[in-house]
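# A look at the structure
Chain by chain, the residues run as shown.
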Amino acid sequence: MPQDPELRGEGKTKRAGVTRVFIGLENINPDNLAAAKKRQNKITEYRKMLLAWKAQGIITLAGYILGFPADTPETIRRDIAIIQKELPLDVLEFFCLTPLPGSEDHQVLWRKGVAMDPDLNKYDVEHVCTAHPKMSKKEWEAIYREAWSFYYTPEHMETLLRRAAATGIPMGSFVKVLVTFATMVRLENVHPLQAGILRLKHPSERRPGLPRERPWIFWPRFVWETLNKHAILVGMIGRLFLLKMAIARDPDAAAYTDQALTPVREDEDVTLDLLTKTTGARAAIAHVKKIAELTGSGRAA
């Protein structure tokens, strides 16, 4: 395979006009990936793949599922912290593991008698709609909401902007993306892909069985909520814009680097938390080494 990035798929994609790419990362715990039958997602390849996209100045967005059988609030926080530190990933989108009706997951849980919510409105990958072996529903819901604020901290968003400046990602476009993903779950309690500038509501739009609110109660509250939300949104836009300007004026911005931007090294399997913190990760590394030994190919990719 040619080694010149311009001759590989990433370079061709960049020349075709692609500015963003979505990756089904799903999880960084190989045990969870196996449970999801995502064996093609190899954590040993994550950094190499993401660095290739970074080299082309393309914004990377990744889906990340919370609620696999091995997950707990503690392991989820640990894994998000590892991603922040070691993966050159820009935007992380969180979803709840959801056994959609008709899927294999739904059939397996139904056969095992696992409790699932009868309200199909909740099967939107944002709501918890099934039981979990290690987390209560309340714990699962709480860690889902916490995950957004845990990843999009002011400190990490500054890191993301510095990585963007160092790798040629358009800062203006990236700020717009960050604003959406850093605020909408907290403000609107919906996934950012469902959010917008103005949320329209009407007192008649209620789910069946819920009473219709009185206009003199609904409209003042709606106006106050809208003004408050937009004040927070404007504040976030202002902070990120000022940070973008400060980074753009930094003469050393292009030279910024950190562990995530460091090129892939031969000894990563003993230095990265990504590859050492879970039993599944250690097993994956052992498998890669065994294949390399059997095939005589040296260090496997």
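Going by the structure above, here's the rest.
For the rest of this paragraph, the subject is the overall build of the chain. Looking only at helices and strands, one finds eleven helices and three strands in the chain. Overall, the chain shows an N-to-C arrangement of helices and strands of α-β-α-α-β-α-β-α-α-α-α-α-α-α. Counting only residues that meet the buried cut, the chain has 41% of its 301 residues in that class. Within the chain, contacts between residues separated by at least 24 positions form 72% of all contacts whose residues are at least 6 apart in sequence. When the accessible surface of the chain is totalled, it reaches about 16,400 Å², and 60% of it is carbon and sulfur.

Taken in spatial order, the three strands line up as β1-β2-β3 in an open sheet, and their pairing is parallel. Taken across any chain shown, the strands that pair with only one partner, and hence form the sheet edges, are β1 (20–26) and β3 (91–96). With direction set aside, neighbouring strand axes in the sheet form an average angle of 25°. Here strand β2 (residues 59–66) runs beside β3; their pairing, made up of six bridges, is parallel. In the sheet register, Leu61 faces β3, and the bridge partner there is Val91. Seen against the sheet, helix α3 (residues 43–54) touches β1 and β2 and runs at an angle of roughly 170° to β1.

Right, let's get into helix α4 (residues 73–86). End to end, α4 covers 20 Å across 14 residues, agreeing with the expected 20 Å (1.5 Å per residue, within 8%). Here α4 has its buried residues at Pro73, Thr75, Ile76, Asp79, Ile80, Ile82, Ile83, Gln84 and Glu86. Summarising the contacts, the buried residues of α4 are in contact with α3, β2, β3, α6 (137–151) and α7 (154–167).

What follows is about a nonpolar patch on the surface. A contiguous nonpolar surface patch, about 380 Å² in accessible area, is contributed by Ile197, Leu198 and Leu200. Its location among the elements puts Ile197 in the loop between α8 (171–188) and α9 (215–249). Classification of Ile197 by relative accessible area gives exposed; the value is 71%.

Even without a glycine there, the phi angle at Glu26 is positive, about 70°. One can find Glu26 in strand β1. Exposure remark for Glu26: the relative accessible area of 13% places this residue in the buried category. Even without being a glycine, Val125 presents a positive backbone phi close to 65°. Assignment of secondary structure puts Val125 in the loop between α5 (104–112) and α6. You can call Val125 partly exposed: its relative accessible area is 27%.

Turning our attention to the packing of aromatic side chains. A full pass over the atoms with the stated rule returns nine aromatic pairs. Ring geometry for Phe94 and Trp148: centres 5.3 Å apart, planes at 80°, overall edge-to-face. Here Trp148 lies in helix α6 and Phe94 lies in strand β3, a separation of 54 residues in the sequence. Given the relative accessible area of 0%, Phe94 is considered buried. Exposure remark for Trp148: the relative accessible area of 4% places this residue in the buried category. Ring geometry for Trp219 against Phe222: centres 5.9 Å apart, planes inclined by 85°, an arrangement best described as edge-to-face. Separated by three residues within a single helix, Trp219 and Phe222 lie in helix α9, roughly one turn from each other.

Thresholds, definitions, all that
Residues numbered from 1 in each chain as written. Predicted model: local features only at pLDDT ≥ 70, side-chain atom pairs only at ≥ 80, totals over all residues. Heavy atoms only, no water. Helix = DSSP H or I, 4+ residues; strand = E, 2+ residues; numbered from the N terminus. Buried < 20%, exposed > 50% of the residue type's maximum accessible area, 1.4 Å probe, protein only. Contact = heavy atoms within 4.5 Å. Areas by Shrake-Rupley, 256 points an atom, 1.4 Å probe, with all protein chains shown as cover. Pairing = 2+ DSSP bridges. Axes fitted to C-alpha atoms, helices over the stretch in contact; angles between N-to-C directions. Expected span 1.5 Å × (residues − 1). Patch = residues over 30% accessible without salt bridge, like charges linked within 9 Å, V, L, I, M, F, W, Y side chains within 5 Å. Salt bridge = Lys/Arg side-chain N within 4 Å of Asp/Glu carboxyl O. Phe/Tyr/Trp six-rings, centres within 6.5 Å; stacked < 30°, edge-to-face > 60°.

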